[in-house]
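# Secondary and tertiary structure notes
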Amino acid sequence: MPQFYHPILDNSLSTIQNKNMKIDRLVSIIMILLERKRISAHELAKMFEVSERTIYRDIESINLAGIPVRAVPGVGGGIEILPSYKVDKKVFSSDDLSALLMGLSSISGMIKSDELAGAMAKIKSFIPKEKADEIELKASQIIIDMEPWYGRGNITPYLEILKTALQKNQLVSFSYFDGSSNKTERTVEPYRLILKGINWYFYGFCLVRNDWRIFKLSRMTNLKITEKKFSLRPYKPPILDFENANYESITNVKLRIHKSIIDRVLDYCAQDQIIPDGDEHFIISYPFAESDYSYDMLLSMGENCECLEPAFVREKLKMKIKKLAALYKD
(Lines give C-alpha, C1' and ligand atoms only; values in the text may rest on other atoms or scores of the structure.)
Protein backbone atom coordinates (compact mmCIF):
# COMPACT_ATOMS: atom_id res chain seq x y z
CA MET A 1 0.00 0.00 0.00
CA PRO A 2 1.48 3.41 -0.94
CA GLN A 3 2.28 5.82 1.90
CA PHE A 4 0.09 8.87 2.40
CA TYR A 5 1.80 12.16 3.17
CA HIS A 6 -0.20 15.11 4.47
CA PRO A 7 1.38 18.36 5.70
CA ILE A 8 -0.30 17.90 9.10
CA LEU A 9 -0.24 14.11 9.30
CA ASP A 10 3.42 13.86 8.24
CA ASN A 11 4.91 14.15 11.74
CA SER A 12 2.59 11.50 13.14
CA LEU A 13 2.84 8.81 10.45
CA SER A 14 5.17 6.71 12.57
CA THR A 15 2.61 6.72 15.39
CA ILE A 16 -0.10 5.58 13.00
CA GLN A 17 2.10 2.85 11.50
CA ASN A 18 3.18 1.54 14.94
CA LYS A 19 -0.49 1.07 15.75
CA ASN A 20 -0.83 -0.95 12.55
CA MET A 21 -3.60 1.31 11.30
CA LYS A 22 -4.69 1.27 7.72
CA ILE A 23 -3.85 4.70 6.37
CA ASP A 24 -6.51 4.50 3.67
CA ARG A 25 -9.21 4.16 6.33
CA LEU A 26 -7.86 7.13 8.28
CA VAL A 27 -7.75 9.28 5.16
CA SER A 28 -11.26 8.18 4.19
CA ILE A 29 -12.57 9.08 7.65
CA ILE A 30 -10.96 12.52 7.37
CA MET A 31 -12.53 13.09 3.96
CA ILE A 32 -15.95 11.98 5.22
CA LEU A 33 -15.69 14.33 8.20
CA LEU A 34 -14.69 17.18 5.92
CA GLU A 35 -17.69 16.46 3.70
CA ARG A 36 -20.34 15.89 6.36
CA LYS A 37 -21.18 18.03 9.32
CA ARG A 38 -21.39 15.12 11.74
CA ILE A 39 -21.51 11.29 11.67
CA SER A 40 -21.91 8.67 14.38
CA ALA A 41 -19.21 6.16 15.33
CA HIS A 42 -21.75 3.40 14.69
CA GLU A 43 -22.27 4.56 11.10
CA LEU A 44 -18.52 4.79 10.48
CA ALA A 45 -17.97 1.34 11.94
CA LYS A 46 -20.65 -0.09 9.67
CA MET A 47 -19.23 1.74 6.66
CA PHE A 48 -15.69 0.35 7.15
CA GLU A 49 -16.75 -3.03 8.58
CA VAL A 50 -14.83 -2.59 11.83
CA SER A 51 -15.84 -2.21 15.48
CA GLU A 52 -16.82 1.11 17.06
CA ARG A 53 -13.82 0.66 19.33
CA THR A 54 -11.55 0.65 16.26
CA ILE A 55 -13.23 3.83 15.00
CA TYR A 56 -12.56 5.61 18.31
CA ARG A 57 -8.90 4.52 18.14
CA ASP A 58 -8.75 5.91 14.60
CA ILE A 59 -10.26 9.21 15.79
CA GLU A 60 -7.64 9.39 18.55
CA SER A 61 -4.86 8.91 15.96
CA ILE A 62 -6.34 11.65 13.78
CA ASN A 63 -6.39 13.99 16.80
CA LEU A 64 -2.75 13.13 17.56
CA ALA A 65 -1.94 14.05 13.99
CA GLY A 66 -3.18 17.58 14.64
CA ILE A 67 -6.64 17.45 13.04
CA PRO A 68 -9.17 18.59 15.67
CA VAL A 69 -11.92 15.97 15.90
CA ARG A 70 -14.51 15.96 18.68
CA ALA A 71 -17.45 13.83 19.79
CA VAL A 72 -20.77 15.62 20.33
CA PRO A 73 -23.09 13.79 22.78
CA GLY A 74 -26.85 13.60 22.77
CA VAL A 75 -29.56 13.33 20.12
CA GLY A 76 -28.19 14.29 16.75
CA GLY A 77 -24.66 14.06 18.10
CA GLY A 78 -21.70 12.25 16.62
CA ILE A 79 -18.13 12.80 15.49
CA GLU A 80 -17.11 15.96 13.69
CA ILE A 81 -14.12 18.08 12.70
CA LEU A 82 -14.15 21.55 14.24
CA PRO A 83 -15.84 23.89 11.73
CA SER A 84 -12.91 26.33 11.93
CA TYR A 85 -10.60 23.64 10.48
CA LYS A 86 -12.69 22.53 7.50
CA VAL A 87 -11.45 23.15 3.98
CA ASP A 88 -13.38 25.57 1.82
CA LYS A 89 -14.71 23.46 -1.03
CA LYS A 90 -14.89 26.55 -3.23
CA VAL A 91 -11.15 26.12 -3.82
CA PHE A 92 -12.24 23.73 -6.61
CA SER A 93 -14.56 25.05 -9.33
CA SER A 94 -17.01 22.81 -11.19
CA ASP A 95 -14.61 22.75 -14.14
CA ASP A 96 -11.72 21.76 -11.86
CA LEU A 97 -13.65 18.86 -10.36
CA SER A 98 -14.90 17.73 -13.79
CA ALA A 99 -11.35 17.73 -15.18
CA LEU A 100 -10.02 15.74 -12.21
CA LEU A 101 -12.79 13.14 -12.46
CA MET A 102 -12.39 12.89 -16.24
CA GLY A 103 -8.69 12.17 -15.91
CA LEU A 104 -9.07 9.69 -13.05
CA SER A 105 -11.92 7.87 -14.83
CA SER A 106 -9.80 7.45 -17.96
CA ILE A 107 -6.84 6.07 -16.03
CA SER A 108 -8.94 3.77 -13.82
CA GLY A 109 -10.57 2.34 -16.95
CA MET A 110 -7.15 1.10 -18.07
CA ILE A 111 -5.47 0.27 -14.77
CA LYS A 112 -7.64 -1.08 -11.95
CA SER A 113 -6.40 0.27 -8.64
CA ASP A 114 -7.70 0.70 -5.10
CA GLU A 115 -5.65 3.91 -4.90
CA LEU A 116 -7.38 5.36 -7.97
CA ALA A 117 -10.79 4.31 -6.70
CA GLY A 118 -10.01 5.97 -3.38
CA ALA A 119 -8.80 9.14 -5.09
CA MET A 120 -12.02 9.33 -7.11
CA ALA A 121 -14.08 8.90 -3.95
CA LYS A 122 -12.17 11.72 -2.27
CA ILE A 123 -12.59 14.06 -5.24
CA LYS A 124 -16.31 13.29 -5.34
CA SER A 125 -16.58 14.19 -1.65
CA PHE A 126 -15.83 17.82 -2.59
CA ILE A 127 -18.80 18.02 -4.97
CA PRO A 128 -21.71 20.01 -3.54
CA LYS A 129 -25.01 18.16 -3.86
CA GLU A 130 -26.54 20.93 -5.93
CA LYS A 131 -23.65 20.65 -8.44
CA ALA A 132 -23.49 16.85 -8.64
CA ASP A 133 -25.51 16.43 -11.86
CA GLU A 134 -23.72 19.26 -13.64
CA ILE A 135 -20.24 17.96 -12.77
CA GLU A 136 -21.15 14.36 -13.61
CA LEU A 137 -22.31 15.50 -17.06
CA LYS A 138 -19.12 17.48 -17.70
CA ALA A 139 -16.90 14.65 -16.48
CA SER A 140 -18.54 12.20 -18.91
CA GLN A 141 -18.36 14.45 -21.97
CA ILE A 142 -14.97 13.02 -22.95
CA ILE A 143 -14.36 9.29 -22.63
CA ILE A 144 -10.97 7.65 -23.18
CA ASP A 145 -11.50 3.92 -23.64
CA MET A 146 -8.38 2.00 -24.69
CA GLU A 147 -10.01 -1.43 -24.60
CA PRO A 148 -9.91 -3.16 -28.01
CA TRP A 149 -13.19 -4.18 -29.62
CA TYR A 150 -12.24 -7.85 -29.52
CA GLY A 151 -10.95 -8.86 -26.11
CA ARG A 152 -8.03 -7.63 -24.03
CA GLY A 153 -5.69 -10.65 -24.17
CA ASN A 154 -3.03 -10.51 -21.49
CA ILE A 155 -2.78 -6.72 -21.37
CA THR A 156 -4.98 -5.99 -18.34
CA PRO A 157 -3.44 -8.53 -15.93
CA TYR A 158 0.05 -7.60 -17.16
CA LEU A 159 -0.60 -3.93 -16.39
CA GLU A 160 -1.50 -4.91 -12.84
CA ILE A 161 1.61 -7.08 -12.46
CA LEU A 162 3.93 -4.38 -13.81
CA LYS A 163 2.29 -1.66 -11.69
CA THR A 164 2.94 -3.76 -8.57
CA ALA A 165 6.55 -4.41 -9.64
CA LEU A 166 7.10 -0.68 -10.22
CA GLN A 167 5.78 0.18 -6.76
CA LYS A 168 7.90 -2.46 -5.00
CA ASN A 169 11.09 -2.17 -7.09
CA GLN A 170 11.05 -5.89 -7.87
CA LEU A 171 12.51 -7.62 -10.91
CA VAL A 172 10.15 -9.16 -13.47
CA SER A 173 10.78 -12.11 -15.77
CA PHE A 174 8.98 -12.97 -19.01
CA SER A 175 9.29 -14.50 -22.47
CA TYR A 176 9.47 -12.02 -25.33
CA PHE A 177 8.88 -12.23 -29.08
CA ASP A 178 10.82 -9.56 -30.97
CA GLY A 179 9.96 -8.01 -34.35
CA SER A 180 11.50 -11.02 -36.12
CA SER A 181 9.41 -13.49 -34.05
CA ASN A 182 12.49 -14.67 -32.10
CA LYS A 183 11.63 -15.80 -28.56
CA THR A 184 13.96 -14.85 -25.69
CA GLU A 185 13.78 -15.06 -21.91
CA ARG A 186 14.21 -11.72 -20.14
CA THR A 187 14.76 -10.46 -16.60
CA VAL A 188 14.17 -6.72 -16.32
CA GLU A 189 14.24 -3.93 -13.76
CA PRO A 190 10.90 -2.09 -14.33
CA TYR A 191 10.95 1.71 -14.53
CA ARG A 192 7.98 2.92 -16.57
CA LEU A 193 4.70 1.95 -18.24
CA ILE A 194 4.01 3.77 -21.51
CA LEU A 195 0.80 4.12 -23.50
CA LYS A 196 1.82 5.05 -27.07
CA GLY A 197 -1.06 5.34 -29.53
CA ILE A 198 -3.26 2.32 -28.80
CA ASN A 199 -0.45 0.09 -27.50
CA TRP A 200 1.08 -0.38 -24.05
CA TYR A 201 4.86 -0.55 -23.67
CA PHE A 202 7.10 -1.31 -20.71
CA TYR A 203 10.47 0.37 -20.21
CA GLY A 204 13.22 -0.98 -18.03
CA PHE A 205 16.81 -2.14 -17.71
CA CYS A 206 17.21 -5.60 -19.25
CA LEU A 207 19.72 -7.71 -17.33
CA VAL A 208 20.02 -10.10 -20.28
CA ARG A 209 21.07 -7.34 -22.73
CA ASN A 210 22.67 -5.18 -20.00
CA ASP A 211 20.95 -2.12 -21.44
CA TRP A 212 17.72 -0.11 -21.41
CA ARG A 213 14.92 -1.61 -23.50
CA ILE A 214 11.29 -0.94 -24.48
CA PHE A 215 9.00 -3.99 -24.62
CA LYS A 216 5.55 -4.19 -26.17
CA LEU A 217 3.12 -5.83 -23.72
CA SER A 218 1.29 -7.77 -26.43
CA ARG A 219 4.55 -9.58 -27.27
CA MET A 220 5.17 -10.67 -23.67
CA THR A 221 4.17 -14.03 -22.17
CA ASN A 222 4.66 -15.74 -18.81
CA LEU A 223 5.15 -12.42 -17.01
CA LYS A 224 6.01 -12.87 -13.33
CA ILE A 225 7.27 -10.77 -10.42
CA THR A 226 10.38 -12.25 -8.87
CA GLU A 227 11.20 -12.05 -5.17
CA LYS A 228 14.40 -10.12 -5.91
CA LYS A 229 14.41 -6.37 -5.33
CA PHE A 230 16.72 -3.95 -7.13
CA SER A 231 18.28 -0.57 -6.40
CA LEU A 232 17.37 2.27 -8.73
CA ARG A 233 20.15 3.07 -11.19
CA PRO A 234 20.80 6.41 -12.97
CA TYR A 235 17.75 6.84 -15.18
CA LYS A 236 17.99 7.04 -18.97
CA PRO A 237 14.74 8.44 -20.46
CA PRO A 238 13.21 6.33 -23.26
CA ILE A 239 13.00 7.56 -26.85
CA LEU A 240 9.27 7.83 -27.46
CA ASP A 241 9.32 9.64 -30.79
CA PHE A 242 9.56 6.40 -32.74
CA GLU A 243 8.60 8.03 -36.04
CA ASN A 244 11.59 10.38 -36.00
CA ALA A 245 13.88 7.66 -34.64
CA ASN A 246 13.07 5.47 -37.65
CA TYR A 247 12.52 8.26 -40.16
CA GLU A 248 15.30 7.15 -42.52
CA SER A 249 13.72 3.70 -42.92
CA ILE A 250 10.28 5.10 -43.89
CA THR A 251 9.39 5.78 -47.53
CA ASN A 252 6.11 6.62 -49.23
CA VAL A 253 4.38 4.17 -51.54
CA LYS A 254 1.74 5.15 -54.07
CA LEU A 255 -1.51 3.23 -53.62
CA ARG A 256 -4.81 3.15 -55.45
CA ILE A 257 -7.56 2.30 -52.99
CA HIS A 258 -11.31 1.84 -53.14
CA LYS A 259 -13.41 4.37 -51.23
CA SER A 260 -14.74 1.59 -48.98
CA ILE A 261 -11.43 1.43 -47.08
CA ILE A 262 -10.64 5.13 -46.90
CA ASP A 263 -11.17 5.04 -43.12
CA ARG A 264 -8.30 2.55 -42.77
CA VAL A 265 -5.71 4.93 -44.19
CA LEU A 266 -6.84 8.17 -42.58
CA ASP A 267 -4.78 7.37 -39.47
CA TYR A 268 -1.62 7.31 -41.56
CA CYS A 269 -2.17 9.85 -44.35
CA ALA A 270 -2.80 13.59 -44.31
CA GLN A 271 -5.72 14.95 -46.31
CA ASP A 272 -3.39 16.47 -48.93
CA GLN A 273 -1.95 13.00 -49.57
CA ILE A 274 -5.35 11.65 -50.68
CA ILE A 275 -6.37 12.52 -54.26
CA PRO A 276 -9.68 11.40 -55.87
CA ASP A 277 -9.32 9.04 -58.85
CA GLY A 278 -12.75 8.88 -60.43
CA ASP A 279 -15.90 8.33 -58.37
CA GLU A 280 -14.87 5.11 -56.62
CA HIS A 281 -11.12 5.33 -55.96
CA PHE A 282 -8.35 7.45 -54.45
CA ILE A 283 -4.63 7.74 -55.08
CA ILE A 284 -2.74 8.07 -51.80
CA SER A 285 0.82 8.49 -50.57
CA TYR A 286 1.22 5.92 -47.79
CA PRO A 287 4.13 5.79 -45.25
CA PHE A 288 5.89 2.46 -45.63
CA ALA A 289 8.80 0.73 -43.85
CA GLU A 290 10.45 -2.29 -45.45
CA SER A 291 9.21 -5.07 -43.15
CA ASP A 292 6.89 -8.07 -43.18
CA TYR A 293 4.48 -6.14 -40.98
CA SER A 294 4.17 -3.33 -43.57
CA TYR A 295 3.63 -5.76 -46.44
CA ASP A 296 1.00 -7.60 -44.40
CA MET A 297 -0.76 -4.28 -43.76
CA LEU A 298 -1.06 -3.67 -47.51
CA LEU A 299 -2.18 -7.23 -48.20
CA SER A 300 -4.82 -6.99 -45.46
CA MET A 301 -6.69 -4.46 -47.62
CA GLY A 302 -7.25 -7.19 -50.21
CA GLU A 303 -8.56 -6.35 -53.67
CA ASN A 304 -9.46 -2.84 -52.50
CA CYS A 305 -5.81 -1.76 -52.59
CA GLU A 306 -3.25 -1.80 -55.43
CA CYS A 307 0.35 -0.70 -55.01
CA LEU A 308 1.35 1.38 -58.05
CA GLU A 309 4.92 2.20 -57.07
CA PRO A 310 7.75 1.77 -56.28
CA ALA A 311 8.33 -1.26 -58.46
CA PHE A 312 10.22 -3.33 -55.86
CA VAL A 313 7.32 -3.11 -53.39
CA ARG A 314 4.83 -4.06 -56.10
CA GLU A 315 6.98 -7.07 -57.13
CA LYS A 316 7.37 -8.29 -53.57
CA LEU A 317 3.60 -8.07 -53.07
CA LYS A 318 3.10 -10.18 -56.20
CA MET A 319 5.49 -12.79 -54.82
CA LYS A 320 3.67 -12.91 -51.49
CA ILE A 321 0.28 -13.20 -53.25
CA LYS A 322 1.57 -16.12 -55.35
CA LYS A 323 2.79 -17.92 -52.24
CA LEU A 324 -0.54 -17.29 -50.55
CA ALA A 325 -2.44 -18.62 -53.57
CA ALA A 326 -0.21 -21.73 -53.64
CA LEU A 327 -0.97 -22.34 -49.99
CA TYR A 328 -4.71 -22.61 -50.76
CA LYS A 329 -4.33 -24.52 -54.04
CA ASP A 330 -6.19 -27.85 -53.98
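Residues numbered from 1 in each chain as written. Predicted model: local features only at pLDDT ≥ 70, side-chain atom pairs only at ≥ 80, totals over all residues. Heavy atoms only, no water.

Take the sheet that holds strand β10 (residues 281-289) next. In spatial order, the strands read β9-β10-β8-β11; together these 4 strands make up an open sheet with antiparallel pairing. The strands lining the two open edges of the sheet, one partner per strand, are β9 (274-277) and β11 (305-309). Adjacent strand axes in the sheet meet at a mean angle of 35° when their direction is disregarded. In this structure, β9 lies alongside β10, joined through 4 bridges in antiparallel fashion. (Pairing = 2+ DSSP bridges. Helix = DSSP H or I, 4+ residues; strand = E, 2+ residues; numbered from the N terminus. Axes fitted to C-alpha atoms, helices over the stretch in contact; angles between N-to-C directions.)

Our focus in this paragraph is the sheet that holds strand β4 (residues 183-196). Taken in spatial order, the 5 strands line up as β6-β5-β4-β3-β7 in an open sheet, and their pairing is antiparallel. Looking along the sheet, the strands with just one partner apiece sit at the ends: β6 (211-216) and β7 (220-229). Here the strands of the sheet are splayed against their neighbours by 45° on average, with no regard to which way each runs. Direction of pairing for strand β3 (residues 170-177) relative to β4: antiparallel, over a ladder of 6 bridges. Across the sheet, S173 pairs through a bridge with T187, a residue of β4. Seen against the sheet, helix α8 (residues 155-168) touches β3, β4, β5 (199-206) and β7 and runs at an angle of roughly 20° to β7. (Contact = heavy atoms within 4.5 Å.)

Right, let's talk about the nonpolar core for a bit. Ranked by size, the top nonpolar core spans 20 residues in total, and within it L33, I55, I59, I62, V69 and I79 carry the most contacts. Residue assignment for this core shows that the elements contributing at least two residues are α2 (23-35), α3 (41-48), α4 (52-64) and β2 (78-81). Formed by 18 residues, the second largest nonpolar core is a distinct cluster that contains V253, L255, I274 and M301. (Core = buried A, V, L, I, M, F, W, Y, C linked by side-chain atoms within 4.5 Å. Buried < 20%, exposed > 50% of the residue type's maximum accessible area, 1.4 Å probe, protein only.)

It is worth spelling out the environment of I275 at this point. With respect to the secondary-structure elements, I275 resides in strand β9. Not counting the four nearest positions on each side in its chain, I275 is found in contact with F282 and I283.

With that settled, the discussion passes to a nonpolar patch on the surface. Nonpolar side chains collect at one region of the surface, where L324, L327 and Y328 lie side by side and expose about 390 Å² of accessible area between them. For L327, the position within the fold is in helix α12 (residues 311-327). By relative accessible area, which is 64% here, L327 ends up exposed. (Patch = residues over 30% accessible without salt bridge, like charges linked within 9 Å, V, L, I, M, F, W, Y side chains within 5 Å. Areas by Shrake-Rupley, 256 points an atom, 1.4 Å probe, with all protein chains shown as cover. Salt bridge = Lys/Arg side-chain N within 4 Å of Asp/Glu carboxyl O.)

Let us look at unusual backbone geometry. The linkage connecting E309 with the following residue, P310, adopts the cis geometry, with an omega of 5°. Even without being glycine, N222 reaches a positive phi, approximately 55°. Structurally, N222 can be placed in strand β7.

Topologically, R186 is positioned in strand β4. A polar contact is formed between the side chain of R186 and the side chain of T184, at a distance of 2.9 Å. (Polar contact = N/O pair within 3.5 Å; in protein donor to acceptor, adjacent residues only side chain to side chain.)

Take helix α11 (residues 292-299) next. What α11 keeps buried is the set S294, Y295, M297 and L298. End-on view of α11: buried residues confined to an arc of 155°, all on one side of the axis. The elements touched by buried residues of α11 are β8 (250-258), α10 (262-265), β10, β11 and α12. (Arc of directions from axis to C-beta.)

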